[in-house]
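Residue-level structure breakdown
The lines below spell out each chain.
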Amino acid sequence: MDAGTVRSWMSASAAAIREQRDYLTQLDAAIGDADHGANMDRGFTAVLEQLDAAEASQPPGKLLLTAGSTLVSTVGGASGPLWGTALRRAGRALGEEVEFDGPQLAAALEAALGGVVELGAAAEGEKTMVDSLAPAVRTLREQLAGGSELGPALAAARAASEEGMRATVPLQATKGRASYLGERSIGHQDPGATSTALIVAALEQAISRGA
Ligand code: ADP
Ligand code: MG
């Protein structure tokens, strides 16, 4: 995997978010302020513009740093700084290498999760994006450690993130805007966990297409 993989991942993420923009906004209308689809779409559209403008020779880590900074600076909602920090941490983890392998990808995603948790202070079970990102990272690690090939490992990680996303429905939010609703946040799927599952699925897509 290389810079092209990161570019495909970001393009596939942007496309999925654009397609699900209204759905993400509907989810946020139920337990937030109805801007999540617009926030993520604005952010990822800007990411693609910045990556198009970036020199072709830039390594994958550098592209992720650019993508992360772009999300931080273009998204007003909580999700921008959170996903922005995640991508910046992933980029920093990849460093200056031109290519990366499965374990390096898992380490980068672990760093991404670490960034989200450090900034947002949410643990699993608080009805946030952590509920879909953490199981994805854990599953990828476990699958690779157990000897799985990257393709099946990422498919399992994607399934785990979707399961985590669906498992936010019965939870009460204790972090972010949805926490203001208290018990009334129960019974709705978390918007950030939903967009995160799309971004994880986009990664699987980008890597299976490139393989
Ligand atoms: P805002 O809440 O500022 O309007 P968005 O609507 O774009 O921002 O994003 C909301 C999503 O951000 C939530 O669904 C949740 O997944 C995520 N989120 C909010 N606060 C936190 C936090 N402290 N830690 C992790 N994720 C969070
Ligand atoms: Mg919102």
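Preceding block: the structure.
A brief look at the structure comes next. Computed from a predicted model, the values in this text were never measured in an experiment.

The rules behind these values
Residues numbered from 1 in each chain as written. Chains lettered and ligands numbered in written order. Predicted model: local features only at pLDDT ≥ 70, side-chain atom pairs only at ≥ 80, totals over all residues. Heavy atoms only, no water. Axes fitted to C-alpha atoms, helices over the stretch in contact; angles between N-to-C directions. Helix = DSSP H or I, 4+ residues; strand = E, 2+ residues; numbered from the N terminus. Parallel < 35°, antiparallel > 145°, perpendicular 65-115°, else oblique. Left-handed = near helix turned anticlockwise from the far one by under 90°. Contact = heavy atoms within 4.5 Å. Nonpolar A, V, L, I, M, F, W, Y, C, P; charged D, E, K, R; others polar. Salt bridge = Lys/Arg side-chain N within 4 Å of Asp/Glu carboxyl O. Expected span 1.5 Å × (residues − 1). Buried < 20%, exposed > 50% of the residue type's maximum accessible area, 1.4 Å probe, protein only. 1 Å grid on protein atoms, 1.4 Å probe; cavity = no way out; pocket = protein on both sides within 12 Å on 5 of 7 lines; lining within 4 Å. Points joined across faces, edges and corners; volume = space filled by probe spheres on them. Near = heavy atom within 4 Å. Polar contact = N/O pair within 3.5 Å; in protein donor to acceptor, adjacent residues only side chain to side chain. Areas by Shrake-Rupley, 256 points an atom, 1.4 Å probe, with all protein chains shown as cover. Sits in = over half its atoms within 2 Å of the grid points. Donors = N, O, S within 2.8 Å, 3.2 Å for Na, K, Ca; no water. Core = buried A, V, L, I, M, F, W, Y, C linked by side-chain atoms within 4.5 Å.

On to the packing of helix 6 (residues 102-120) against helix 7 (residues 130-145), then. Taken N-terminus to C-terminus, the directions of helix 6 and helix 7 make an angle of 155 degrees; their axes are 10 Å apart at the nearest point. As summarised for this structure, helix 6 and helix 7 are arranged roughly antiparallel, according to the angle between their axes. Note that helix 6 runs across helix 7; the crossing there is left-handed. Touching Gly-102, Pro-103, Leu-105, Ala-106, Ala-107, Leu-109, Glu-110, Leu-113, Val-116 and Val-117 of helix 6 are Val-130, Leu-133, Ala-134, Val-137, Leu-140, Arg-141 and Leu-144, all from helix 7. Residues belonging to the contact of helix 6 with helix 7 are distributed by class as follows: 14 nonpolar, one polar and two charged.

Take the pattern of salt bridges next. Oppositely charged side chains are able to pair whenever their charged atoms sit close together. Tallied over the entire structure, the rule returns nine salt bridges. Among the ionic pairs, Arg-21 bridges to Asp-41, the shortest N-O distance being 2.7 Å. Separated by 20 residues along the polypeptide, Arg-21 in helix 2 (residues 21-31) and Asp-41 in helix 3 (residues 36-53) bring together distant segments of the chain. Taking the shortest distance from any N to any O, the salt bridge between Glu-162 and Arg-158 comes out at 3.5 Å. Of this pair, Glu-162 and Arg-158 both sit in helix 8 (residues 150-166), four residues apart, roughly one helical turn. Overlapping salt bridges, with partners in common, bring together Arg-18, Arg-21 and Asp-41 in one network.

The terminal C-alpha atoms of helix 4 (residues 60-74) lie 21 Å apart, and with 15 residues this matches the ideal 21 Å at 1.5 Å per residue to within 8%. Within helix 4, the full set of buried residues consists of Pro-60, Gly-61, Leu-63, Leu-64, Thr-66, Ala-67, Gly-68, Thr-70 and Leu-71. As for helix 4, its buried residues are in contact with helix 1 (3-19), helix 3 and helix 5 (79-94).

As a further point, take the layout of surface pockets. The computed volume of the largest pocket comes to approximately 540 Å³. As for the largest pocket, its lining consists of 26 residues, of which Ala-78, Ser-79, Leu-82, Gly-176 and Arg-177 are closest to the centre. Class assignment for the residues of the lining of the largest pocket results in 10 nonpolar, nine polar and seven charged.

Time to look at the site of ligand 1. Around ligand 1, a shell composed of 20 residues is seen, among which Asn-39, Ala-78, Ser-79, Gly-120 and Asp-190 lie nearest. Separating an oxygen atom of ligand 1 from a side-chain N or O atom of Ser-79 is a distance of 2.6 Å. A distance of 3.0 Å separates an oxygen atom of ligand 1 from a polar atom in the backbone of Met-129. Here ligand 1 has 560 Å² of accessible area as a free molecule, and 91% of this is covered by the chains. A majority-of-atoms criterion places ligand 1 in the largest pocket. Those elements giving two or more residues to the shell around ligand 1 turn out to be helix 3, helix 5 and helix 9 (191-210). At three residues, helix 9 tops the list of elements feeding residues into the shell around ligand 1. Taken together, the residues that form the shell around ligand 1 break down as six nonpolar, eight polar and six charged.

For the rest of this paragraph, the subject is the coordination of the magnesium ion (ligand 2). Around a metal, the perfect tetrahedron of four donors has angles of 109.5 degrees, and the perfect octahedron of six donors has angles of 90 or 180 degrees. Around the magnesium ion (ligand 2), the protein supplies Asp-28 (OD), Asp-33 (OD) and Asp-35 (OD) as donor atoms, at distances of 2.0 to 2.2 Å. Each donor residue of the magnesium ion (ligand 2) belongs to the same chain, with the gaps between them written as D-x4-D-x1-D.

Counting 53 residues, the largest nonpolar core has Trp-9, Met-10, Trp-83, Leu-105 and Leu-140 as its most contacted members. Elements that contribute at least two residues to this core include exactly helix 1, helix 3, helix 4, helix 5, helix 6, helix 7, helix 8 and helix 9. A total of eight residues in this core trace back to one element, the largest contributor, which is helix 1. Setting aside its immediate chain neighbours within four residues, Trp-83 contacts Met-40, Leu-71, Met-129, Leu-133, Thr-196 and Ile-199.

Between its first and last C-alpha atoms helix 3 spans 26 Å; for 18 residues at 1.5 Å apiece the expected length is 26 Å, and the two agree. What helix 3 keeps buried is the set His-36, Gly-37, Asn-39, Met-40, Asp-41, Gly-43, Phe-44, Ala-46, Val-47 and Leu-51. Against helix 1, helix 2, helix 4, helix 5 and helix 9 lie the buried residues of helix 3.

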